[in-house]
Amino acid sequence: MFLKINGELKYLWRAVDTDGNVLDILVTGRRDKAAARRFFRKLLQGTGSVPRVVVTDELRSYGAALREVMPSVEHRSHKGLNNRAENSHQPTRQRERTRRGFRSVGSAQRFLGAFSSISPHFRPRRHLLTAPDYRAEMTVRFTTWRRLTTGAGLPTAA
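To keep things clear, this report deals only with the structure shown in the data block.

Cut-offs applied
- Residues numbered from 1 in each chain as written.
- Predicted model: local features only at pLDDT ≥ 70, side-chain atom pairs only at ≥ 80, totals over all residues.
- Heavy atoms only, no water.
- Buried < 20%, exposed > 50% of the residue type's maximum accessible area, 1.4 Å probe, protein only.
- Helix = DSSP H or I, 4+ residues; strand = E, 2+ residues; numbered from the N terminus.
- Pairing = 2+ DSSP bridges.
- Phe/Tyr/Trp six-rings, centres within 6.5 Å; stacked < 30°, edge-to-face > 60°.
- Contact = heavy atoms within 4.5 Å.
- Expected span 1.5 Å × (residues − 1).
- Arc of directions from axis to C-beta.
- Salt bridge = Lys/Arg side-chain N within 4 Å of Asp/Glu carboxyl O.
- Core = buried A, V, L, I, M, F, W, Y, C linked by side-chain atoms within 4.5 Å.

### A look at the pairing of strand 3 (residues 22-28)
- By the criterion of burial, strand 3 is predominantly enclosed, with 6 of the 7 residues buried.
- Strand direction decides the pairing type here: strand 2 (residues 8-16) and strand 3, joined by 6 bridges, are antiparallel. Note on strand 3: the bridge partner recorded for Tyr11 is Thr28.
- In sequence, strand 2 turns back onto strand 3 through a hairpin of 5 residues, with Gly20 there showing a positive phi of about 90 degrees.

### Here's the deal with the environment of Asp19
- Within the secondary structure, Asp19 is located in the loop between strand 2 and strand 3.
- Sequence separation between Asp19 and Arg125 is 106 residues; the distance between their C-alpha atoms is 9.6 Å.

### A few points about the packing of aromatic side chains
- In total, this model carries 4 aromatic pairs according to the counting rule given.
- Both rings, one in Trp13 and one in Phe39, keep their centres 5.9 Å apart while their planes meet at 40 degrees; by these two values the pair is tilted. Here the residue Trp13 occupies a position in strand 2, and Phe39 occupies one in helix 1 (residues 33-47), the gap between them amounting to 26 residues. Across this residue pair, the class does not change: Trp13 and Phe39 are buried.

### Here's the deal with the environment of Met138
- Within the fold, Met138 resides in helix 6 (residues 131-150).
- Taking the relative accessible area as the measure of exposure, Met138 reaches 11% and is therefore buried.
- For the pair Met138 and Pro124, spaced 14 residues apart in sequence, the C-alpha to C-alpha distance is 7.9 Å.
- For Met138, the residues in contact, after removing those within four places along its chain, are Phe122 and Pro124.

### Section: helix 6
- With 20 residues, helix 6 should cover 28 Å at 1.5 Å per step; its first-to-last C-alpha distance of 28 Å lies within 8% of that length.
- Considered for burial, the residues of helix 6 that qualify are Tyr134, Met138 and Arg141. Buried positions in helix 6, seen along its axis, are confined to an arc of 65 degrees and lie on one side of it. The exposed residues of helix 6 that point more than 90 degrees off its buried face are Arg135, Thr139, Arg146 and Thr150.
- Just past helix 6, the residue Gly151 takes up positive phi, approximately 85 degrees.

### Considerations on the pattern of salt bridges
- Applying the stated criterion across every chain, the model contains 6 salt bridges.
- Several salt bridges share partner residues, and in doing so they unite Lys33, Arg37 and Glu68 into one network.

### Points about the nonpolar core
- Counting 15 residues, the largest nonpolar core has Trp13, Ala36, Phe39, Phe40, Val54, Leu66 and Met70 as its most contacted members.
- Going through the elements one at a time, strand 2, helix 1 and helix 2 (60-69) are the ones with two or more residues in this core.
- Per element, the largest residue contribution to this core is 5 residues, and it comes from helix 1.
- Apart from residues no more than four positions distant in its own chain, Trp13 is found in contact with Asp24, Ile25, Leu26, Thr28, Arg30, Arg31, Asp32, Ala35, Ala36, Phe39, Ser61 and Tyr62.
- The next biggest cluster of nonpolar side chains, apart from the first, holds 9 residues, and it includes Leu12, Ile25, Val27 and Leu112.

Below you can see the structure in the form of structure tokens.
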């Protein structure tokens, strides 16, 4: 996915797990081997584990970087295999339109990193829930959010 930041084209690298949860995000100016290598190293540091399989689109820089950073990992590259990652961009696009774009690479990186962590909390997999279960789940999630953001129930410093 790409973003325009102050008129410049930037690329959004995104790692998504099998459940559609965003693991990591990186905003760069290029889609070359060095950027892919930096993204995969950042991903390994953030998750602390090595994946069994990595699915990407057909960009050649992914394969070159994976051979260096994670040589034992199976790499699958095909046009339709990475649909989960492609669909995870939709909330980002909606938020980008709401904010009328991003002003800098740093602000985009900070915002998207936080947004991708918080957003799934308010987007349960509705197609797997009945309407009463969905309402109950959302009540629990909003209660948890309010408790955490207002500081209620958190231990205080003595």
